[in-house]
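Structural features, examined
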Amino acid sequence: MHDLLRSPLDCPSVFGGEVDTATAFRAVEHAPVIRILKVLFDVMGDKGIRLTSKSNLPMQQVHAMINAAGEAAFFHRYIGSIRSEEVVPRVHLSRILAELAGLTRQVKGRLMLKKAVQARVHKGDWLSIYQDILRTALSGFNWAWQDFQEGLEGIQTVGPFGFWLLHRYGDQ
């Protein structure tokens with residue numbers, strides 16, 4: 001239990017290495033965060049993307065990321081014009097998680113993809129990128145960032161246990 005609570009995705013004593021990587025890879029390919037990051041990383045390439053004065057992504061990239069995610073880009077039906085990445089929560093959240101996970105960095109007003117991550121992208125190792133994003137979401141991300149309410153540390157702590165329960169008893 002200690003392993004599960006302290007390092008959620010590195011628990012061989014709990015999960016027992018029963019993960020079918022081929023199945024996991026196929027599932028990750030359809031995850032909205034991965035579809036969004038594929039577009040972002042593709043556009044970034046070696047030179048990165050120039051950010052706006054508010055450190056947001058340019059609207060051309062935001063629209064491409066929305067198109068890649070489809071309906072999954074929005075938590076609810078959005079009516080109105082999209083004038084910033086902040087209006088599209090999943091696009092904004094994907095970029096923030098990528099930065100917190102150490103996949104990207106900001107240098108002189110540009111969002112750059114780290115060299116080690118570029119190698120993983122060229123190999124098509126999206127499963128490890130997804131694991132980094134999930135690990136960051138469960139341990140290093142402040143879930144109360146958007147609504148400015150009290151944090152949800154308790155839920156973040158027991159979240160991996162919920163994953164274990166689903167893994168163990170999900171088919172019952």
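Scroll up for the structure.
Now for a look at the structure at hand. These numbers were taken from a predicted model, which means no experiment stands behind them.

A word on the environment of Thr104
For Thr104, the location among the structural elements is in strand 2 (residues 104–107). We classify Thr104 as buried; its relative accessible area is 3%. Sequence separation of Thr104 and Met44 is 60 residues, and the distance between their C-alpha atoms is 9.8 Å. Not counting the four nearest positions on each side in its chain, Thr104 is found in contact with Phe41, Met44, Ala98, Glu99, Leu111, Met112, Leu113 and Lys114. Here Glu99 takes part through its backbone nitrogen, which lies 3.5 Å from a polar atom of the side chain of Thr104.

Focus: the packing of aromatic side chains
One pair of aromatic rings is described through two measures. These are the centre distance and the angle between the planes. Counting across every chain of the model gives 1 aromatic pair. Ring centres of Phe41 and Trp126 lie 5.9 Å apart, and the angle between their planes is 15 degrees; this geometry places the pair in the stacked category. Taken together, the residues span a long stretch of sequence, with Phe41 in helix 4 (residues 32–44) and Trp126 in helix 8 (residues 126–139) at a distance of 85 residues. Here the two residues Phe41 and Trp126 agree in accessibility, since each one is buried.

As for the sheet that holds strand 1 (residues 49–50)
The antiparallel open sheet is built from 3 strands, whose spatial order is 1-3-2. If you trace the sheet from one side to the other, it starts and ends with strand 1 and strand 2, each paired once. Of the pairings in the sheet, the one linking strand 2 to strand 3 (residues 110–113) comprises 4 bridges and is antiparallel in character. Opposite Thr104, over in strand 3, you have Leu113 as the bridge partner. Sheet strands touched by helix 4: strand 1, strand 2 and strand 3. Its angle to strand 3, the strand with the most contacts, is close to 100 degrees.

Procedures and definitions
Residues numbered from 1 in each chain as written. Predicted model: local features only at pLDDT ≥ 70, side-chain atom pairs only at ≥ 80, totals over all residues. Heavy atoms only, no water. Helix = DSSP H or I, 4+ residues; strand = E, 2+ residues; numbered from the N terminus. Buried < 20%, exposed > 50% of the residue type's maximum accessible area, 1.4 Å probe, protein only. Contact = heavy atoms within 4.5 Å. Polar contact = N/O pair within 3.5 Å; in protein donor to acceptor, adjacent residues only side chain to side chain. Phe/Tyr/Trp six-rings, centres within 6.5 Å; stacked < 30°, edge-to-face > 60°. Pairing = 2+ DSSP bridges. Axes fitted to C-alpha atoms, helices over the stretch in contact; angles between N-to-C directions.

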